[in-house]
Amino acid sequence: MSAKTHAAAVAFIPPTVTWPPIQAIRRQEQRKKVTMDVEFSGAIWYWRGPAPHHFVTVPAELCRELKAIAGVVTYGWRMIPAQVRIGATTWTTSLFPKDGGYIVPIRASVQRAEGLTVGAIVTVRLVVG
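The shown structure was predicted, so the numbers you read here are calculated from the model rather than taken from an experiment. (Residues numbered from 1 in each chain as written. Predicted model: local features only at pLDDT ≥ 70, side-chain atom pairs only at ≥ 80, totals over all residues. Heavy atoms only, no water.)

1. Concerning the packing of aromatic side chains
No. 1: If you walk through the whole model with that rule in mind, you get 2 aromatic pairs.
No. 2: When the centroid spacing of 5.5 Å and the interplanar angle of 65° are considered together, the rings of F55 and F96 count as edge-to-face. Within this pair, whereas F55 is found in strand 2 (residues 53-57), its partner F96 is found in strand 4 (residues 89-98), the two being separated by 41 residues in sequence.
No. 3: According to the relative accessible area criterion, F96 is partly exposed, its value standing at 30%.
No. 4: Clustering of aromatic rings is evident, with ring pairs tying together W45, F55 and F96. (Phe/Tyr/Trp six-rings, centres within 6.5 Å; stacked < 30°, edge-to-face > 60°. Helix = DSSP H or I, 4+ residues; strand = E, 2+ residues; numbered from the N terminus. Buried < 20%, exposed > 50% of the residue type's maximum accessible area, 1.4 Å probe, protein only.)

2. Quick word on a nonpolar patch on the surface
No. 1: Together, I13, W19 and I22 make up a nonpolar patch on the protein surface, roughly 320 Å² of accessible area in all.
No. 2: As for its placement among the helices and strands, W19 is situated in helix 1 (residues 19-33).
No. 3: Judged by relative accessible area, W19 falls into the partly exposed class, the value being 41%. (Patch = residues over 30% accessible without salt bridge, like charges linked within 9 Å, V, L, I, M, F, W, Y side chains within 5 Å. Areas by Shrake-Rupley, 256 points an atom, 1.4 Å probe, with all protein chains shown as cover. Salt bridge = Lys/Arg side-chain N within 4 Å of Asp/Glu carboxyl O.)

3. Side note on helix 2 (residues 60-73)
No. 1: In this model helix 2 runs 19 Å from its N-terminal to its C-terminal C-alpha over 14 residues, within 8% of the 20 Å that 1.5 Å per residue would give.
No. 2: Its maximal kink placed at K67, helix 2 deviates by approximately 35°.
No. 3: Every buried residue of helix 2 is listed here: L62, C63, L66, I69, A70 and V73. (Expected span 1.5 Å × (residues − 1). Bend = angle between axes of the 7 residues up to and from the residue.)

4. Remarks on the nonpolar core
No. 1: Among the nonpolar cores identified, the biggest contains 28 residues, and V58, L95, L126 and V128 are the most heavily contacted of them.
No. 2: At the level of secondary structure, the elements contributing two or more residues to this core comprise strand 1 (36-47), helix 2, strand 3 (80-86), strand 4, strand 5 (101-106) and strand 6 (121-128).
No. 3: For this core, the element with the most residues is helix 2, which contributes 6 residues.
No. 4: Discounting chain neighbours no more than four positions away, the residues touching V128 are V34, T35, M36, L66, I69, V73, I80, P81, A82 and L95. (Core = buried A, V, L, I, M, F, W, Y, C linked by side-chain atoms within 4.5 Å. Contact = heavy atoms within 4.5 Å.)

5. A few points about the side chain of T74
No. 1: The residue T74 is located in the loop between helix 2 and strand 3 in this model.
No. 2: Given a relative accessible area of 17%, T74 falls into the buried group.
No. 3: In terms of polar contacts, T74 uses its side chain to reach the backbone amide nitrogen of G76, at 3.1 Å.
No. 4: Looking at T74, its side chain comes within polar contact range of the main-chain oxygen of M79, at 2.6 Å. (Polar contact = N/O pair within 3.5 Å; in protein donor to acceptor, adjacent residues only side chain to side chain.)

In structure tokens:
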């Protein structure tokens, strides 16, 4: 008598109507597993658009890493939620996509608390995921 060389398997494929909720749960679980904790320095700059604001540009090498995880952590429009720290001030925001990279918005309350002005070189800590 020969040894058994195969096994039977049964696969359950849920109805297509249930796929979106299943995928949503899967994305939530993936987000829990992906993290990025980095620190960099950059100059604060001012954007005079319809909604003027201050930003720091994320260095290109870190943008490559962010792009690698963006599909898992973004909530849409390529925006990436992050916890940011400058000095003693920590806040939650989203990184904005710009010119193929990302920029960090600096709230007015952070600027006041840390005494920041345009052109100031700051050390930014980002925690994504």
